[in-house]
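Survey of secondary and tertiary structure
Take a look at the letters that make up each chain.
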Amino acid sequence: MGGHNTDFDALIIGAGFAGLYQLHLLRDRLGLSVRVIEAQDGIGGTWQANRYPGARCDSESHSYCYFFCEEIYRAWEWSERYPGQEEILRYLDFVAEKLDLARDISLGVKVTGARYDESGNRWIVETDRGETLSCTWLITAVGCLSSANIPDIPGLSDFAGDWYHTGQWPREGVDLSGKRVGQIGTGSTGIQAAPAIAGEAAHLTVFQRTANYSVPARNAPLDETRKRYFKDHFEEIRAIVRRTPNGHPFEIAQRKVFDVDDDERRRLYEQAWETGGLRFRAVFQDLLASEESNATAAAFIKEKIRDIVRDPRKARILSDIDHPYAAKRPPIDTEYFETFNRDNVDLVDLREEPIIRITEGGILTAKAEYPLDVIVFATGFDAMTGPLLRLGLTGRDGVRLDETWAAGPVTYLGLQIPGFPNLFTVTGPGSPSVLVNLPIGIEQHVEWIADCIAFMREHGVTRIEPRMEAALAWGAHVEEAAGRTLLPQVPHSWYLGANIPGKPRVFMPYTGGMGRYRAICDDIAERGYPGFNLDDTPQPAPEARDFDAPVYAPGV
Ligand code: NA7
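Going along each chain's sequence as written, the residues are numbered from 1 onward. With the structure being a predicted model, the display of local features is reserved for residues of pLDDT at least 70 and the display and counting of side-chain atom pairs for 80 or more, all residues being used for whole-chain, interface and lining totals. Heavy atoms from the whole structure form the basis of all side-chain values; hydrogens and water molecules are not counted.

Next up on the list: the overall build of the protein chain. Counting from the N terminus, the helices are the DSSP runs of H or I reaching at least four residues and the strands are the DSSP runs of E reaching at least two. Assigned secondary structure in the protein chain consists of 17 helices and 21 strands. The globule rule puts the C-alpha radius of gyration for 556 residues at 24 Å, and the 23 Å found for the protein chain is close to it. C-alpha extents for the protein chain along the principal axes are approximately 70 × 55 × 50 Å. In the protein chain, which comprises 556 residues, the share counted as buried stands at 61%. Note on method: radius of gyration uses C-alpha positions; expected globular size equals 2.2 Å times residues raised to 0.38. Think of it in three bands: residues with accessible area under 20% of the maximum for their type are buried, residues over 50% are exposed, and the middle band is partly exposed, with areas taken using a 1.4 Å probe on protein chains only.

Here it is, written out as structure tokens:
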């Protein structure tokens, strides 16, 4: 696949939402020679890897898709309110087919290293097939959550059963029937997986370290009226997803929590609970800006948990939540708390009885040994920086990415890294990325990158690289913006890198909201790329006010 050419204008790493659209723009709009390198055996990125039971997107299907082409939008029909993993893969196959993308994608090929060659102004990319490829522009489209975190729990190699990480689930599936399953982790993934596993396995034990909020997703099939509505309102839906801070197809209410009295607030929360999904968060504007406001939502959800879960011990463990609502990624679920009412489901509170080790027969905590046939690690990812660091990138002057990021990621707009000319990072650290309905954030990045490359060609610029002071100013802005929310306060948060031992604590996603971020990026491009070096010509440094103004991300 991809022929025998080894020298390209652009190489793209990853064939998920980002890589596919980037290929289309660079090849079909700019006329570049392009190849996509994808480590997995199929396209789809995170949806190839996350095949665990219950895997489904938390964004609503009519917004979890491309908006760059109305014809594609209207030609595809989603079956449910939220798209399941398989359906997303089918959608991406459909898009790839429509745009004739497969011929420029190499599947099952892993990038093992890439270095910038200063004399030739080219990136030299090595693969696990022993190939050496080169390109002018290297674009990482590797996703934010593709580097699995398998905690270093002693004894895993002694375990006689099978174990799996949810983000590396076998393609052929896993038969859990009749099995005693232990699931570690209760983030968005664990909360989706537990009900599905409980329905299939003989027995499920959930090992919970930190209790988590969750709101019912209220997933359901889409009826013909809804399907028609989405098709007929393409422009309106596109305008909303591009305008709202999180790229979701709904507005965030303007009212604040204490604008209404207790009864009205209760009514609004009940209504939002019935509506379900991430829309719950949008019921008030200030849930993530004020601890006092947030506490009202937190209390409401904790009460719901205690109402649903019949066993008082389980109800206490599940509702004993130590952080503000939605300050970590807020999960949504289908019968998660109800699952703990099943006879075949147990709950272990790891704060009361930490895991000591994994044994041949199961998991040993400070209190008991739990016999298991299968362990499921729903333990998350080395988020945002992990997928980039493992590419083995070396920039100018032989500087490696892990060296330059030893104290945490430094990027300009999350799109480029000082010292790494002509390298673009789709949804890199410092961009809104994981705080946004990702296809929306991805489209903006991919288009900005294609426009930047078009600008370079038009103006005879051969090299673009951000100035260090611009990247540091952007980093300060990202931190400041996060500081205006409750998000950086949460212990263990992967937004901060705090879930990975030894990882530097830097708040990585940009909380300023997608609309604002888009305006900043557009403005920088229109003004001739302040903050970058174009060849050897430094453009003016951006001024603080270029990023500043009201940084406020309601409902992040
Ligand atoms: P998350 O949100 O990082 O959740 C991981 C879960 O695993 C969380 O409950 C962790 O507890 C738990 N965990 C991690 N390490 C351990 C160890 N060593 N022992 C016990 N428990 C552990 O990952 P998800 O996959 O759920 O979600 C990631 C994103 O994917 C999600 O936001 C969506 O965007 C899709 P902790 O809270 O750290 O105490």
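Next comes the rest of the description.
Look at helix α6 (residues 224–232) against helix α7 (residues 234–243): their axes get within 5 Å of each other, and the N-to-C directions meet at 75 degrees. The angle between the axes of α6 and α7 places the two elements in the roughly perpendicular class. Of the residues in α7, those touching α6 at Tyr229, Phe230, Lys231 and Asp232 are Phe234, Glu236 and Ile237. Side-chain classes are defined by residue name, with Ala, Val, Leu, Ile, Met, Phe, Trp, Tyr, Cys and Pro counting as nonpolar, Asp, Glu, Lys and Arg as charged, and the others, Gly among them, as polar. Each residue belonging to the contact of α6 with α7 can be placed in one class, and the counts come to four nonpolar, no polar and three charged. Helix axes use the C-alpha atoms of the stretch in contact, all axes being lines fitted to C-alpha atoms, and the angles between their N-to-C directions lie in the range 0 to 180 degrees. Any angle that falls under 35 degrees is termed roughly parallel, while one over 145 is termed roughly antiparallel, one within 65 to 115 roughly perpendicular, and all others oblique. Any two residues whose heavy atoms approach within 4.5 Å at even a single point are treated as in contact.

This paragraph deals with the domain arrangement of the protein chain. For every domain, the bounds stem from an assignment made automatically or drawn from a database. One can read the domain layout of the protein chain as domain 1 (7–43 + 101–147 + 383–547) and domain 2 (180–223 + 251–377). Distance between the C-alpha centres of domain 1 and domain 2: 33 Å. The partner domain 2 presents 15 residues to the ten residues of domain 1 that form the contact. Buried area is a sum: the accessible area each of two parts loses on coming together, probed at 1.4 Å, counted once for each and added. Approximately 970 Å² of surface area, both sides summed, lies buried where domain 1 meets domain 2, with 64% of it carried by carbon and sulfur atoms. The largest per-residue losses of area from domain 1 upon contact with domain 2 belong to Leu486, Val490 and His492, which jointly make up 52% of the total buried on that side. By definition here, a salt bridge exists when the distance from a side-chain nitrogen of Lys or Arg to a carboxyl oxygen of Asp or Glu is within 4 Å. Along the contact surface separating domain 1 from domain 2 lie zero salt bridges. By the criterion applied in these results, polar contacts are pairs of N or O atoms within 3.5 Å in which, for protein atoms, one can donate a hydrogen and the other can accept it, and in which residues neighboring in sequence qualify only through two side-chain atoms. The interface formed by domain 1 and domain 2 contains two residue pairs in polar contact (both at pLDDT 80 or more). Each residue belonging to the side of domain 1 that touches domain 2 can be placed in one class, and the counts come to six nonpolar, three polar and one charged.

We call a set of buried residues a nonpolar core when its members are Ala, Val, Leu, Ile, Met, Phe, Trp, Tyr or Cys and they connect through side-chain atoms within 4.5 Å of each other. Judged by nonpolar contacts, the single largest core of 98 residues is most densely connected at Leu26, Tyr91, Leu138, Leu413 and Trp448. Per-element accounting of this core gives the leading share, ten residues, to helix α14 (residues 438–458). Residue contacts for leucine 413: discarding those within four places in its chain leaves Gly430, Ser431, His445, Trp448, Trp474, Tyr517, Ile520, Cys521 and Ile524. Counting 64 residues, the second-largest nonpolar core is a separate cluster that includes Cys144, Ala198, Phe280 and Ala498.

Turning to the site of the ligand, a few remarks are in order. For each residue, the test is whether any non-hydrogen atom lies within 4 Å of the molecule or strand; if one does, the residue is near. Around the ligand, the surrounding shell holds 19 residues, and the nearest of these are Thr186, Thr189, Arg209, Thr210 and Lys328. Between the ligand and tryptophan 494 there is a distance of 3.2 Å, counted from an oxygen atom to a side-chain nitrogen or oxygen. Contact with the protein chains hides 85% of the accessible area of the ligand, taken as 770 Å² for the molecule alone. Counted by class, the shell around the ligand contains seven nonpolar, nine polar and three charged residues. Here the shell around the ligand spans two domains, since at least three of its residues come from each of domain 1 (7–43 + 101–147 + 383–547) and domain 2 (180–223 + 251–377). The protein chains shown are the only cover counted for residues, whose accessible areas, like all others here, come from Shrake-Rupley with a 1.4 Å probe.

The term disulfide refers to a covalent linkage connecting the sulfur atoms of a pair of cysteines. By convention in this document, the label disulfide applies to cysteine sulfur atom pairs within 2.5 Å. For the coordinates displayed, the defined rule picks out zero disulfides. Cysteine 57 carries a free sulfur, and the closest cysteine sulfur to it, the one in cysteine 65, is 10 Å from it. Given a relative accessible area of 6%, cysteine 57 falls into the buried group. For cysteine 65, a relative accessible area of 1% corresponds to the buried category.

What follows covers unusual backbone geometry. We note that aspartate 100 has phi near 55 degrees; this positive angle belongs to a residue other than glycine. Mapping aspartate 100 onto the fold places it in the loop between α4 (85–98) and β3 (105–107). Residues other than glycine seldom take positive phi values, yet tyrosine 529 does so here, at roughly 70 degrees. If you trace the backbone, tyrosine 529 turns up in the loop between α16 (514–526) and β20 (532–534). Since its relative accessible area comes to 2%, tyrosine 529 is described here as buried.

Take histidine 323: it is sitting in the loop between α10 (312–319) and β11 (332–333). Polar side-chain contacts of histidine 323 include one of 2.8 Å to the side chain of aspartate 322. Residue contacts for histidine 323: discarding those within four places in its chain leaves Thr210, Ala211, Asn212, Tyr213, Lys328 and Val490.

Our focus in this paragraph is the packing of helix α8 (residues 262–275) against helix α9 (residues 291–308). Running from N to C, α8 and α9 cross one another at 60 degrees; their axes reach a closest spacing of 11 Å. As far as their axial angle goes, α9 and α8 are oblique. Considering how the two elements wind past one another, α8 and α9 form a crossing that is right-handed. Between α8 and α9, the residues in contact are Arg265, Arg266, Tyr269, Glu270 and Trp273 and Ser293, Thr296, Ala297, Phe300, Ile301, Glu303, Lys304 and Ile308, respectively. When its residues are assigned to classes, the contact of α8 with α9 shows six nonpolar, two polar and five charged. Two helices that cross are described as forming a left-handed crossing if the nearer one is turned anticlockwise from the farther one by less than a right angle, and a right-handed crossing if clockwise.

Here the focus is the sheet that holds strand β14 (residues 362–365). Strand order in the open sheet formed by three strands is β13-β14-β15, and the pairing between neighbours is antiparallel. The sheet is open, and its two edges are formed by β13 (355–358) and β15 (369–371), each paired on a single side. When strand polarity is set aside, the average angle formed by the axes of neighbouring strands in this sheet is 20 degrees. The sheet contact formed by β13 and β14 spans three bridges and is antiparallel. Counted as the bridge partner of arginine 357 is leucine 364 from β14. In this scheme, strands are said to pair when DSSP sees at least two bridges between them.

Burial within strand β6 (residues 132–140) is extensive, with eight of its nine residues counted as buried. As paired elements, strand β5 (residues 122–127) and β6 share four bridges and run antiparallel to each other. Directly across from tryptophan 123, in β6, lies its bridge partner cysteine 135. Pairing between β6 and strand β18 (residues 423–425): three bridges, direction parallel. The residue bridging threonine 140 from the neighbouring strand is threonine 425, located in β18.

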